[in-house]
Amino acid sequence: MKILVINCGSSSLKYQLIDMSNESILVKGLAERIGIDGSRLKHEKKGMDAVVIEKPMPDHTTAVKLVLDALVDKNHGVIQSMDEIAAVGHRVVHGGDKFKEPAIINDAVMKDIRACIPLGPLHNPANIMGIEACMKLMPNTPMVAVFDTAFHQTLSPENYMYAIPYKYYEKLKIRKYGFHGISHRFVSQRAIEMLGNKPNSKIITCHLGNGSSLAAVKDGKCIDTSMGLTPLEGLVMGTRSGDLDPAIIGFIMNEEKISADQVNNILNKESGVLGISGVSSDFRDIDVAAAEGNERAQLALSMFVNQVRKYIGSYIVQLGGIDALVFTAGIGENAADIREKVCTGLDFLGLEIDPQKNNIRGKEAVVSKDSSPKKIFVIPTNEELMIAKDTMLLVK
Ligand code: ADP
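Residues numbered from 1 in each chain as written. Predicted model: local features only at pLDDT ≥ 70, side-chain atom pairs only at ≥ 80, totals over all residues. Heavy atoms only, no water.

Participant: What is the right way to read the overall build of the chain from this model?
Facilitator: Counting secondary structure elements, the chain contains 14 helices and 14 strands. Taking 396 residues into account, the globule formula puts the C-alpha radius of gyration at 21 Å, and the chain, at 22 Å, falls close to it. Taking the principal axes of the C-alpha coordinates as reference, the chain spans close to 60 × 55 × 45 Å. Considering the chain as a whole, with its 396 residues, one finds that 48% of them fall into the buried category. If you sum the accessible surface of the chain, you get close to 18300 Å²; carbon and sulfur atoms cover 51% of it. (Helix = DSSP H or I, 4+ residues; strand = E, 2+ residues; numbered from the N terminus. Rg over C-alpha atoms; globule rule 2.2 N^0.38 Å. Buried < 20%, exposed > 50% of the residue type's maximum accessible area, 1.4 Å probe, protein only. Areas by Shrake-Rupley, 256 points an atom, 1.4 Å probe, with all protein chains shown as cover.)

Participant: Just checking my understanding: could you explain the UniProt feature "site: Transition state stabilizer" (unreviewed entry) in the chain for this structure?
Facilitator: In this structure's numbering, the residues bearing the UniProt feature "site: Transition state stabilizer" (unreviewed entry) are His-180 and Arg-240. Since its relative accessible area comes to 13%, His-180 is described here as buried. Discounting residues that sit within four places of it in the chain, His-180 has contacts with Asp-148, His-152, His-207, Gly-211, Ser-212, Ser-213 and Met-227. (UniProt positions renumbered as here; feature names shortened; annotations may be inferred. Contact = heavy atoms within 4.5 Å.)

Participant: For this particular structure, what's the right way to read the environment of Gly-120?
Facilitator: By the element assignment, Gly-120 lies in the loop between α2 (107-115) and α3 (124-137). Separated by 47 residues in the primary sequence, Gly-120 and Asp-73 have C-alpha atoms spaced 35 Å apart. Dropping the residues within four chain positions of it, Gly-120 is found in contact with His-94 and Pro-125.

Participant: Looking at this structure, how should I read the sheet that holds strand β11 (residues 221-225)?
Facilitator: Where strands meet in a sheet, backbone hydrogen bonds hold them as pairs that are either parallel or antiparallel. The sheet built from six strands is open, its strands ordered β11-β10-β9-β12-β14-β13 with mixed pairing. Edge positions in the open sheet fall to β11 and β13 (365-366), since each of these has one partner strand only. One ladder, built from two bridges, connects β13 with strand β14 (residues 375-378); its direction is antiparallel. In the strand pairing of β14, Ala-365 is matched with Val-378. Seen against the sheet, helix α6 (residues 181-194) touches β9 (202-208), β10 (212-218), β11, β12 (324-328), β13 and β14 and runs at an angle of roughly 135° to β9. Strands β9, β10, β11 and β12 of the sheet are contacted by helix α11 (residues 295-319), whose axis makes an angle of about 15° with β10. (Pairing = 2+ DSSP bridges. Axes fitted to C-alpha atoms, helices over the stretch in contact; angles between N-to-C directions.)

Written out as C-alpha cells, the structure reads:
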C-alpha cells in the first residue's frame, strides 16, 4: 500500500510517498513560495538527484497538481498512475478537544477542523487548503487527518486547566492542548519497543528542535506536556520565550506603549535563545559563540538546559519514576553536548549517560551506560511515517 503524506503550510507543502510494505520513502519533496513569485517544487526520488521544477503556483490546488504530476512523471516519477495512491494522510496542527485520534476526512470532520481555526490561526487554515486541494484532485482517494494535539488529549484536567476564571475555559476553550504530539507518540512507541514492551512504562520524551517540548508518557498515554494553549509555553526555544511570569506581558505593553499583538510577536519571534544571546536562534551558532566565550550565548544555552531539566524533574514526579528518557528532533538527535548537559548529575535518578555512546548524531542509539538502571535513548523522529501508519490503519 502506498500512502501520500501531506504537511501543508501557508506558502509551502511538504510531501512524502511511502511504500508501507517496507515503510520506505519512495519520494519526498517540498513546494515552496505558493502564492508568491518564484514558486518552486523540489522533488527527491530515492536514488536520484533532486529535480527542481520552477513553475507558478498561485494556490495550493496548483501546487498539489504539480506534486501529483511529478509523482507520475516518466523520468522522475515513482508510480504509473494516481490509482496507486491508496490514501492521503494530512498533518493537521490543531484538533482542539474534538480530536483524540486521527480521523477519516468527511464533511463533519472538515467542519470540526474549521471550528479549531481560532485555536490554530496560523496553521489550520493552511492545513485545510491542502486537504481541499487534494480532495478536488483525488475525489475518490480516502484521506485521513492526523493531529498534532491529539496525543495530549489524555491529560487530566489538573494538567490541562489554567487557574484563571473558569468561564474562559467554557467560553474561549482556553486550556493546555500541547503540540508535537505526532512526534512524541512516534518516539514513545519506539521507546516502549526498545524497553521490550515493558508494561506500565514511564517515559519522558524530549522533542528539542526549533520549537521544543517535553511529554510525560505513562503506559503509552501522555499525562503531561510542556506546550500549552499555543506552542509558546514551556521550554526556552529558538525564538520563543517559553514559561514566564504572565504579568511581564502587561508590564512591557505599558512601559513600551505597544500592543498585545506586538508583545506576542516579541515573545514568539524575538525571544528564546535568540533574544538572550543576540546571536542566533540556531543552536549550532549558539554553540560556536558559547565556545568562543560569548557570555550571553553561554547563558542562553544554560537557560535552555536548565529548563529541560526542570521539566524532567516535574515529569519524573508525576510519572512516579522513569524507565527511559528519550531525545529527538534537530537538537535532541544531533547535539551530543546538550544531551550530556541535560543528563549530568541525574545518576541519583538512575539515569547515567555514557559520554562515548552519546557521541553520535542523527541515528537511533542507547546512550546510557550499560550499568545505568534507567535508559537514555536517542530516537530520530519520523512524523511522516507516523501519519502514514495512522492513515493505513484507518483506511484498511
Ligand atoms: P523544527 O522544529 O523546525 O522541525 P528541527 O527539529 O529540524 O526543527 O531542529 C532544528 C534545530 O536543530 C536547528 O535550529 C538547530 O538549532 C538544531 N540542530 C541541528 N543540528 C544540530 C547540531 N549538530 N548541534 C546543535 N543543534 C543542532
